[in-house]
Structures are given as C-alpha cells and as structure tokens.
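What the coordinates show
One letter stands for each residue in the lines below.
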Amino acid sequence: KSQHSIYVTTDTETEADSDKLPNSDIVQNPEALLVENVYQKVLYEDVYENVDLEYIASGKTVKENIIVNEPLDSYDFAFELDINDLNYVVNEDKSIFLNDDEGNTEFVIQAPVMYDANGLASNDVTYEIIENAGQHYLIVSADEEWVNAAEFPVTIDPTISDEIDTLNSLESAYVTETTAYHDT
C-alpha cells in the first residue's frame, strides 16, 4: 500500500468568517475513504464574495466545486497544493498526474469542467501549477466570456482521485485554513 498523501487548502488575502469554515471535522479519519459507500459533503458559503466552495468525498474521489453565484471580475482561483514528495505532470487533456519518484501515478487531478444552472457544460477551464518560495499553487481559471454568458450559479469542477487499485492516504477533503485566495 502506498504511503503518499496530498493536501489541498485554500488561503486568501482576506480573512473569511471563521464560523463559516468549521474545523477539520469533515474527514477526520482518511481510512473512512476505504469504504466504498462513504459519501460526505460540506458547503462553505461566501468563501469569496459571491463564491462558495463545496467538497464531496466519495470512495476514492474528492470533488471540489467552486460555485460562482454572481458575475465576478475574474474567474481565477488559487489553491495551496501540498504534494509532499510527489512530482506533477500537466497532460494535454488538462488533467494533472501526481507521480512518485519512480513515475507511478499516485493521484490524478481530473481535467476540469464547468456547468451552469441550466446544465450547459464547458471545458474552457484550465489548470496551472506555480511554485513560489518552495510552495506549489494550483490555479484554476475559467473562461470569463463563457461564465458571464451562463445562467448563474456556475459550478467549476476540479476533482482529485486515486486511479490506482490501492487507495492512498487522501486527506484533502477539508479546508484547513480560514482564508482563501481569489484573484480579482
């Protein structure tokens, strides 16, 4: 069984209300993800102005929804990405593989998609990983023209999964900080 883990947190320049971000009580026991029928969901409202974050842990997947409730000046969102000793590969299909030193894929950040209140979908979402002072950040950018023409709310859907047979220690199902980044 692999011992790799990743952590995804949000940090922002503006403090969010701490009562809107509960402590790490969503998935305190990562071993719970070993059970196929586990389904846990939490919604953090107004993490950014007019933006909610929803996390859904189900089996071997952690689905994060960035829910944009009203038009914004920018649809770029930054998440601190602690990948420990894993390496990343950004693929042509926009997915990201997190690999160990031997090149084995341990986790996959699936290609992003977004959809509006009417169920219309678009793949005009991109990922970028930037490094700053030894820290990695995942930048999720949605096409401004598509979002502004869509019916709100618009949901931007990055998903992290473990595509290998053995479930790794996936501990990214909760926000561990009381702040989040949003590029305005």
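Computed from a prediction, not measured in an experiment: that's the story for all the values here.

How each quantity is defined
Residues numbered from 1 in each chain as written. Predicted model: local features only at pLDDT ≥ 70, side-chain atom pairs only at ≥ 80, totals over all residues. Heavy atoms only, no water. Helix = DSSP H or I, 4+ residues; strand = E, 2+ residues; numbered from the N terminus. Buried < 20%, exposed > 50% of the residue type's maximum accessible area, 1.4 Å probe, protein only. Contact = heavy atoms within 4.5 Å. Polar contact = N/O pair within 3.5 Å; in protein donor to acceptor, adjacent residues only side chain to side chain. Salt bridge = Lys/Arg side-chain N within 4 Å of Asp/Glu carboxyl O.

Okay, the environment of Lys63 next. With respect to the helices, strands and loops of the structure, Lys63 is situated in strand S5 (residues 61–68). For Lys63, a relative accessible area of 21% corresponds to the partly exposed category. Between the alpha carbons of Lys63 and Ile109 there is a distance of 9.6 Å; along the sequence they are 46 residues apart. Once you skip the residues sitting within four places of it in the chain, Lys63 turns out to touch Glu54, Tyr55, Ile56, Tyr115, Asp157, Pro158 and Thr159. Within the structure, the side chain of Lys63 is placed 2.9 Å from the side chain of Asn65, a separation counted as a polar contact. In this structure the side chain of Lys63 is engaged in a polar contact, spanning 3.0 Å, whose partner is the side chain of Asp157.

Attention now moves to the pattern of salt bridges. Scanning all chains against the criterion turns up two salt bridges. Across the salt bridge formed by Glu54 and Lys41, the nearest N and O atoms sit 3.6 Å from each other. Note that Glu54 is positioned in strand S4 (residues 51–58) and Lys41 in strand S3 (residues 39–48), a separation of 13 residues in sequence. Its relative accessible area of 12% is what places Glu54 among the buried residues. Residue Lys41 is classed as exposed on the basis of its relative accessible area of 51%. A salt bridge links Asp157 to Lys63, with the shortest nitrogen-to-oxygen separation between them at 3.0 Å. Placement of Asp157 in strand S14 (residues 154–157) and of Lys63 in strand S5 is noted, with a sequence separation of 94 residues between them.

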